[in-house]
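Read off the chains here:
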Amino acid sequence: MGAMNKTIEIKPGKASHKDWKAVRDGATVMLPETIWPGVERSAATVQTMLQNDQTVYGVNTGFGKLANTCINNKDLGDLQRRIVLSHCAGTGPSLCESVTRLILAMKAASLARGYSGVWVPTIRLLLAMLERGVLPVIPSQGSVGASGDLAPLAHMAAVLIGEGEACYKGVVMPGNIALQKAGLEPVCLVAKEGLALLNGTQVSTALALEGLYGAERVFKAAMLAGALSVEAVRGSHAPFDERIHFVRGQPGQITVARSYQALLAGSAIVVAHIDCKKVQDPYCLRCQPQVMGAIFDVLRTVARTLDIEANGVTDNPLIFTDTGEALSGGNFHAEPVAFAADQMALGICETGSMSERRIAMLTDSALSGLPAFLTPDPGLNSGFMIAQVSAAALVSENKQMAMPASVDSIPTSANQEDHVSMATHGARRLLAMVENAANVIGIELLASVQGLDLHTGSERSSPPLEAVRMRVRAEVSMLDEDRMMAPDIAAAKALVTSGALLSLNGVEAALPEVCEA
């Protein structure tokens, strides 16, 4: 991910998907100056509670099962430092840069809403780390998605106090050294701050957002590949007629069918084959509006859920300055994110599954009417035979990963935290699923364009699809005879994941938007 020389202002509680996409791509974040008085009132309210000898969970008590253990006032700062260090128990590979940036930004925005009892310097340090590229090394495993993403957020918080590890200018180093090199100083946490940093769903949500934005690109590329496949086998455009979809009434189906019509409009291929005797195409072609429309509806629902969660306050307890109360609840329970991740997994899996069926159809001469395995000289050449096998293997992997994570729960903290969401790994698996699906769509792009090239007629498809075809051919030449296909697949997959196809003339306007601005 390249650095983006851009600064955006995020209004806590009102950030958009456009904002979060900019953050993951490297934008610097500013918060409105008007929010700081509310932050200070929240922190001051905590201090007033302590002066009044109120017992507040996690402020002057132990944590989890130890909530009934009272802590002496002189140890309150040490308590916050110890919770950070003790909770740094994550394992596994580190989270990627884009996800880590989202975590920092969302945590800062959440704390800045003024319900968490932290002081201004703590939030400003989070923003400064984001601006100067001090990215905590956060292990990807070790959270059950309640009580918040404790272990991974502890690794984030550790860098704020000069502990842990951070990546600075591409080099992993001790957190205190990274801060020093960036011209920053660690903070000394006071009452409530350590708990506020650790509690919350920001890791689960960041992973889910990363999965959503990847799924969005895969979804759009799959629509392009699917439309090209229709053209490659001289399929019927009738299944995209809006009248079919209006009488059913499913909104996603209607929207997607309209997009397929826009993509196919102006095709000379359908005109040349107006007298084709084919009555019905296979489901993988004919039912694209029904399947992709259902996926679109799921992704839109997920986008709305994650929009709310990314803007929410999810630590505990929450400080309400108007009444001077600290209320203990459970906003850290990531069940909404877990459900969203499970729904998204189904959509990603089905996107790849339909695409693989179209690849199989294209390579089967009995179904496609094209040369066997899309090679001009089958027998001597195997063509796309094993590319289809690779697609089938990837789809099978995604089917296994699509099993729901949210239905599992293992009690933790001596049964105090007796039901958890498993949102974190439920969201994390989406990244691998997106990669698998992107490879499948890349293979279909190659196969559909190959199918078009194998036709001897001079007819051309629609302007948007011809633009996609030419862009694919700019990266990968026609498969005239067998060669190593792995580089071709990698190049096509890059077109999917980069979103490069969406910038082509007429393409973006024809496709539906998953994430509303």
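Residues numbered from 1 in each chain as written. Predicted model: local features only at pLDDT ≥ 70, side-chain atom pairs only at ≥ 80, totals over all residues. Heavy atoms only, no water.

(A) Local environment of the overall build of the protein chain. Counting secondary structure elements, the protein chain contains 21 helices and nine strands. Whereas a compact globule of 517 residues would reach a radius of gyration of roughly 24 Å, the protein chain reaches 26 Å, a difference of no more than 12%. Oriented by its inertia axes, the alpha-carbon framework of the protein chain measures out at about 85 × 50 × 45 Å. Of all 517 residues assigned to the protein chain, the portion counted as buried reaches 56%. By sequence separation, contacts in the protein chain at least 24 residues apart represent 78% of the contacts at least 6 residues apart. A total of about 20800 Å² of accessible surface is found on the protein chain, and carbon and sulfur atoms cover 54% of it. Across the protein chain, the centroid of the 41 positively charged side chains sits 2 Å from that of the 51 negatively charged ones. (Helix = DSSP H or I, 4+ residues; strand = E, 2+ residues; numbered from the N terminus. Rg over C-alpha atoms; globule rule 2.2 N^0.38 Å. Buried < 20%, exposed > 50% of the residue type's maximum accessible area, 1.4 Å probe, protein only. Contact = heavy atoms within 4.5 Å. Areas by Shrake-Rupley, 256 points an atom, 1.4 Å probe, with all protein chains shown as cover. Lys, Arg positive; Asp, Glu negative; His and termini not counted. Charge placed at Lys NZ, Arg CZ, Asp CG, Glu CD.)

(B) The sheet that holds strand E6 (residues 165-168), seen in detail. Read across the sheet, three strands follow the order E4-E6-E7 without closing on themselves; strand pairing throughout is antiparallel. At either margin of the open sheet sits one strand with a lone partner, and together these are strand E4 (134-136) and strand E7 (171-174). Pairs of neighbouring strands in the sheet enclose a mean axial angle of 35°, with direction left out of account. Relative to E7, E6 runs antiparallel, the two being bridged by four bridges. (Pairing = 2+ DSSP bridges. Axes fitted to C-alpha atoms, helices over the stretch in contact; angles between N-to-C directions.)

(C) How the structure looks around unusual backbone geometry. Cis geometry is adopted by the peptide bond preceding Ser-147, which originates at Ala-146 and carries an omega value of 10°. The topology assignment puts Ser-147 in the loop between strand E5 (139-141) and helix H6 (150-160). Cis geometry marks the peptide bond from Asn-316 to Pro-317; its omega dihedral reads -5°. Along the polypeptide, Pro-317 turns up in the loop between helix H14 (288-310) and strand E8 (318-320).

(D) Representation of the environment of His-87 in the model. Assignment of secondary structure puts His-87 in the loop between helix H3 (76-86) and strand E3 (91-94). The exposure class assigned to His-87 is partly exposed, which follows from its relative accessible area of 22%. Taking C-alpha positions, His-87 is 10.0 Å from Ala-157, a pair spaced 70 residues apart along the chain. A polar side-chain atom of His-87 sits 3.0 Å from the main-chain carbonyl oxygen of Ile-83. (Polar contact = N/O pair within 3.5 Å; in protein donor to acceptor, adjacent residues only side chain to side chain.)

Scope: geometric values only; no functional claims are made or implied.
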